[in-house]
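The primary structure of each chain is shown beneath.
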Amino acid sequence: MALRWVMTVSSTCSSQPHPAADAVVPKFPCSKTLHQSHRTFTFPLYSTNRLSLPGNTFSSTARISPFRCFASALTPQLKNTLDKVVTSNKVVLFMKGTKDFPQCGFSNTVVQILNSLNVTFETINILENELLRQALKEYSSWPTFPQLYIEGEFFGGCDITVEAYKNGQLQEQVEKAMCS
């Protein structure tokens, strides 16, 4: 199970670059930036270095969140379950809410598109299980929701689905899936 330490430095002045941010963070061969726009950095597990911010590096409103340890949410058992779910249904939408009550505008958009194509599809509410939500991000290598799967393959999120709907590719893909 891969573990990693994460430290977040954020500031209300996010539109201004923080040139000294990289100088503050110790350099390790296996470190890499996760979310540069939010100033999130990855530290190796064996790191014992303490972080100290020089005097005027950040504004007075800068916050440093405590170190947190994350483990991979995608266990082999959960991966097998997800494999079964996406392969046992022709079209599956992992979304925030349900098809009858979407709790996100992007999820609602994809539901409306699938309904307009008269597609029979299953939905899974990712808000009901945080572990599932995190595991799906790893499973699909896609960080956002909704996530659409057609014939066991990840199709895309809202933007990709909208674009494919506009150019007719989604309808072709769905028709092909329904005929097989």
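In this text the structure is predicted, and so the values were computed from the model without any measurement.

A.B. asks: Mind showing me how you'd approach helix α2 (residues 76-88) here?
C.D. replies: Along an α-helix, residues three or four positions apart point the same way, because every turn accommodates 3.6 residues. Between its first and last C-alpha, α2 extends 18 Å over 13 residues, near the 18 Å set by a 1.5 Å rise per residue. For α2, every residue scored as buried is listed here: L78, L82 and V86. All buried residues of α2 lie within an arc of 65° about the axis, which places them on one face of the element. Away from the buried face of α2 by more than 90 degrees, exposed residues P76, Q77, K84, T87 and S88 are located. Buried residues in α2 make contact with β6 (91-95), α4 (130-140) and β8 (147-150).

A.B. asks: Before we go on, may I ask you to explain the side chain of T161 in this structure?
C.D. replies: Along the polypeptide, T161 turns up in helix α5 (residues 158-167). Residue classification places T161 among the buried residues on the basis of a relative accessible area of 0%. The contact partners of T161, leaving out residues within four places of it in the chain, are V110, I113, L148, F155, G156 and L170.

A.B. asks: Is there a simple way to think about the pattern of salt bridges in this case?
C.D. replies: Pairs may arise between side chains of opposite charge once their charged atoms sit close together. Counted by the stated rule, this structure contains two salt bridges. A salt bridge links R133 to E130, with the nearest nitrogen and oxygen atoms 3.9 Å apart. With a gap of three residues between them, R133 and E130 both fall in helix α4, about one helical turn apart.

A.B. asks: I tried to follow unusual backbone geometry on my own but got confused; where do I start?
C.D. replies: One can expect most non-glycine residues to show negative phi and most peptide bonds to be in trans. Note the cis peptide between F145 and P146, where omega equals 10°. Turning to its location among the elements, P146 is positioned in the loop between α4 and β8. Of note in the backbone geometry, S141 takes a positive phi value of approximately 55° without being a glycine. Relative to the helices and strands, S141 resides in the loop between α4 and β8. Phi is positive for E151, which is not a glycine, with a value near 50°.

A.B. asks: Even after reading the chapter, I still don't get the pairing of strand β9 (residues 153-156), so can you show me in this structure?
C.D. replies: Strand residues, when the strand is regular, have side chains that alternate between the two faces of the sheet. As paired elements, β8 and β9 share three bridges and run antiparallel to each other. Note on β9: the bridge partner recorded for L148 is G156. Between β8 and β9, which follow one another and run antiparallel, lie two residues, and E151 among them has a positive phi close to 50°.

A.B. asks: What exactly am I supposed to notice about the pairing of β6 here?
C.D. replies: Judged by how many residues are buried, β6 sits mostly within the fold: five of five residues are covered. By the alternation rule, side chains of β6 split into V91, L93 and M95 and V92 and F94, which are all buried. When β6 meets β8, the two strands line up antiparallel, connected through four bridges. Paired with F94 across the two strands is Q147, which belongs to β8. Sheet analysis places β6 next to strand β7 (residues 122-125), joined by four bridges and oriented parallel.

A.B. asks: Looking at this structure, how should I read the nonpolar core?
C.D. replies: The nonpolar side chains of soluble globular proteins are, as a tendency, buried together. By size, the foremost hydrophobic cluster in this structure holds 18 residues, and its most contacted members are L93, L114, F121, L148, I150 and L170. The element that contributes the greatest number of residues to this core is helix α3 (residues 105-116), accounting for four residues. In contact with L148, other than residues within four places in its own chain, are V91, V92, L93, L114, E153, F154, F155, G156, T161 and L170. The next biggest cluster of nonpolar side chains, apart from the first, holds 13 residues, and it includes L132, A135, L136 and Y149.

A.B. asks: I keep staring at the side chain of N125 and nothing clicks. Help me out?
C.D. replies: Mapped onto the fold, N125 is located in strand β7. Within the local environment of N125, its side chain forms a polar contact with the backbone nitrogen of L127, the two atoms lying 2.9 Å apart. The residues contacting N125, other than those within four sequence positions of it, are M95, K96 and G97.

A.B. asks: How should the sheet that holds β8 be read in this particular structure?
C.D. replies: The strands that make up a sheet pair up through hydrogen bonds in the backbone, lying either parallel or antiparallel. Spatially, four strands are ordered β7-β6-β8-β9 in an open sheet, and the strand pairing comes out mixed. Of all strands in the sheet, those with a lone pairing partner are β7 and β9, marking the two edges. Across the sheet, the mean angle separating the axes of adjacent strands is 25° when strand polarity is ignored. Here α2 sits on the sheet in contact with β6, β7 and β8, set at roughly 130° to β6. Contacting β6, β8 and β9, helix α6 (residues 169-179) runs over the sheet at an angle of about 45° to β8.

Scoring rules and cut-offs
Residues numbered from 1 in each chain as written. Predicted model: local features only at pLDDT ≥ 70, side-chain atom pairs only at ≥ 80, totals over all residues. Heavy atoms only, no water. Helix = DSSP H or I, 4+ residues; strand = E, 2+ residues; numbered from the N terminus. Expected span 1.5 Å × (residues − 1). Buried < 20%, exposed > 50% of the residue type's maximum accessible area, 1.4 Å probe, protein only. Arc of directions from axis to C-beta. Contact = heavy atoms within 4.5 Å. Salt bridge = Lys/Arg side-chain N within 4 Å of Asp/Glu carboxyl O. Pairing = 2+ DSSP bridges. Core = buried A, V, L, I, M, F, W, Y, C linked by side-chain atoms within 4.5 Å. Polar contact = N/O pair within 3.5 Å; in protein donor to acceptor, adjacent residues only side chain to side chain. Axes fitted to C-alpha atoms, helices over the stretch in contact; angles between N-to-C directions.

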